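Per-entry structural report
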Amino acid sequence: MNWSRTILDGIAMAAYFNLFAAVIVIINPRIMMCSYPKSIQNDSPVPQTRQERKLYHLWMYFGMLLPLIIYGAISFASCGVCDYWTLFWMSYVEWLIISFSSFNFFPHWNRCKLL
């Protein structure tokens, strides 16, 4: 397993994930409202509409997750990954980097951008 390639791919995927989410929050912060805790959703003066929830799912699946999965698959194929455990650990490390980066990025980014 190529550790430097795995870490760099994880950083690139994390940058795409966080920048894409930041663009969504800049355009309309209410789109991300269904991913917030219930207490924050209940404190909002206007509940999230059905159209905003539908738009959230479309953006997340086709704008964020699908490109990340395709990028990961192309990266694995170009790396020459041919066994299950190498694929498992490389994808685990990459998604771990994405999770840590979003955990550190989002609380600082969207403090109170619901309204």
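Read on for a plain summary of the structure. (Residues numbered from 1 in each chain as written. Predicted model: local features only at pLDDT ≥ 70, side-chain atom pairs only at ≥ 80, totals over all residues. Heavy atoms only, no water.)

Looking at the packing of aromatic side chains
Under the convention used in this document: Stacked, tilted and edge-to-face pairs are distinguished by plane angle, under 30 degrees for stacked and over 60 for edge-to-face with tilted covering the rest, among Phe, Tyr and Trp rings (Trp via its six-membered ring) whose centres lie within 6.5 Å. By definition, any uninterrupted DSSP run of H or I lasting at least four residues is a helix, any uninterrupted run of E lasting at least two residues is a strand, and each is numbered from the N terminus. With a 1.4 Å probe rolled over the protein chains alone, any residue whose accessible area is under 20% of its type maximum counts as buried; one over 50% counts as exposed, and the rest are partly exposed.
Inspection of the entire model under this criterion finds eight aromatic pairs. Aromatic pair Phe88 and Tyr92: ring centres 6.1 Å apart, planes at 20°, arrangement stacked. Of this pair, Phe88 and Tyr92 both sit in helix α4 (residues 84-109), four residues apart, which is roughly one turn of that helix. Owing to a relative accessible area of 30%, Phe88 belongs among the partly exposed residues under this scheme. Here a set of aromatic residues connected by ring pairs shows up, and it is made of Tyr84, Trp85, Phe88, Trp89 and Tyr92.

A short note on helix α3 (residues 50-79)
Basically, it comes down to this: Expected helix span is taken as 1.5 Å per residue step, with the number of steps being one fewer than the number of residues. Two axes are fitted around each residue, one to the seven residues ending there and one to the seven starting there, and the angle between them is reported as the bend at that residue.
The end-to-end C-alpha distance of α3 is 42 Å, a good match for the 44 Å that 30 residues give at a rise of 1.5 Å each. At Leu65, α3 shows its strongest bend, of approximately 35°, with the proline Pro67 following within four residues. Taken together, the buried positions of α3 are occupied by Glu52, Tyr56, Met60, Gly63, Met64, Leu68, Gly72, Ser75 and Phe76. Of the residues one or two after α3, Gly80 is the one with positive phi, at around 85°.

Things to note about the nonpolar core
Spelled out, the test is: Only buried Ala, Val, Leu, Ile, Met, Phe, Trp, Tyr and Cys residues count toward a nonpolar core, and they belong to the same one when joined by side-chain atoms within 4.5 Å.
Grouped together as the largest cluster of nonpolar side chains are 17 residues, with contacts concentrated most on Ile24, Met32, Tyr56, Met60, Met64, Leu68 and Ile98. Broken down by secondary-structure element, the contributors of at least two residues to this core are α1 (3-27) and α3. Tallying contributions element by element places α1 first for this core, with seven residues.

A few points about the packing of α1 against α3
The following threshold applies: Structural elements are reduced to axes, namely lines fitted to C-alpha atoms, with helices fitted over the stretch in contact, and the angle between N-to-C directions of any two is expressed from 0 to 180 degrees. Any angle that is under 35 degrees is reported as roughly parallel, and any over 145 degrees as roughly antiparallel; angles of 65 to 115 degrees are reported as roughly perpendicular and all others as oblique. When the near helix sits turned anticlockwise from the far one by under a right angle, the crossing is termed left-handed; a clockwise turn instead gives a right-handed crossing. Whether two residues are in contact is decided by their heavy atoms, any of which lying within 4.5 Å being enough. Residues are grouped as follows: nonpolar covers Ala, Val, Leu, Ile, Met, Phe, Trp, Tyr, Cys and Pro; charged covers Asp, Glu, Lys and Arg; every other residue, Gly included, is treated as polar.
Look at α1 against α3: their axes get within 11 Å of each other, and the N-to-C directions meet at 165°. Comparing their axes, α3 and α1 come out roughly antiparallel. As α1 packs across α3, the resulting crossing turns out to be right-handed. Residue-level inspection shows Arg5, Asp9, Ala12, Met13, Tyr16, Phe17, Phe20, Ala21, Ile24 and Ile27 of α1 in contact with α3, the latter providing Trp59, Met60, Gly63, Met64, Pro67, Leu68, Tyr71, Ser75, Ser78 and Cys79. Among the residues forming the contact of α1 with α3, the class breakdown is 15 nonpolar, three polar and two charged.

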